[in-house]
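Below, each chain spelled out in residue letters.
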Amino acid sequence: MSVSIKVLPTAEEHVGLVHPVDGALAADGSVWTYDAWTEARIQEQVIRRFEAGVDDAVPANLKVDAKPKPQAAA
């Protein structure tokens, strides 16, 4: 059984990068098989893992590498 993860491009220039099995990387992320090829792209910082609760809160019109800043505790 293979594991799949959602990945996001770290820069606009990486949109369209093609996974050998799962196809092209979309600007809003793609689900790719977590294999040696995917891990190598993560280590190269070409892609990063989707972070639930963080990435799903980023408006679509922001840059692909944008993340919300942590809020200070009240």
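Attention in this report is confined to the structure presented alongside it. (Residues numbered from 1 in each chain as written. Predicted model: local features only at pLDDT ≥ 70, side-chain atom pairs only at ≥ 80, totals over all residues. Heavy atoms only, no water.)

In the sheet, strand β1 (residues 4-9) pairs with strand β4 (residues 30-33) via four bridges, with the strands oriented antiparallel. Bridge pairing links K6 to V31 in β4. As paired elements, β1 and strand β5 (residues 47-49) share three bridges and run antiparallel to each other. Within the sheet, the bridge partner assigned to V7 lies in β5 and is R49. (Pairing = 2+ DSSP bridges. Helix = DSSP H or I, 4+ residues; strand = E, 2+ residues; numbered from the N terminus.)

On to helix α1 (residues 36-43). Among the residues of α1, those classed as buried are T38, R41 and I42. Viewed end-on, α1 has its buried residues packed into an arc of 105°, placing them on one side of the element. In α1, the exposed positions that point more than 90 degrees away from the buried face belong to A36 and Q43. Along its buried surface, α1 packs onto β1, β2 (18-19), β4 and β5. Positive phi shows up at Q45, right after α1, with a value of about 60°. (Buried < 20%, exposed > 50% of the residue type's maximum accessible area, 1.4 Å probe, protein only. Arc of directions from axis to C-beta. Contact = heavy atoms within 4.5 Å.)

It is worth stressing that arrangement in space is one thing and function is another; only the former is reported here.
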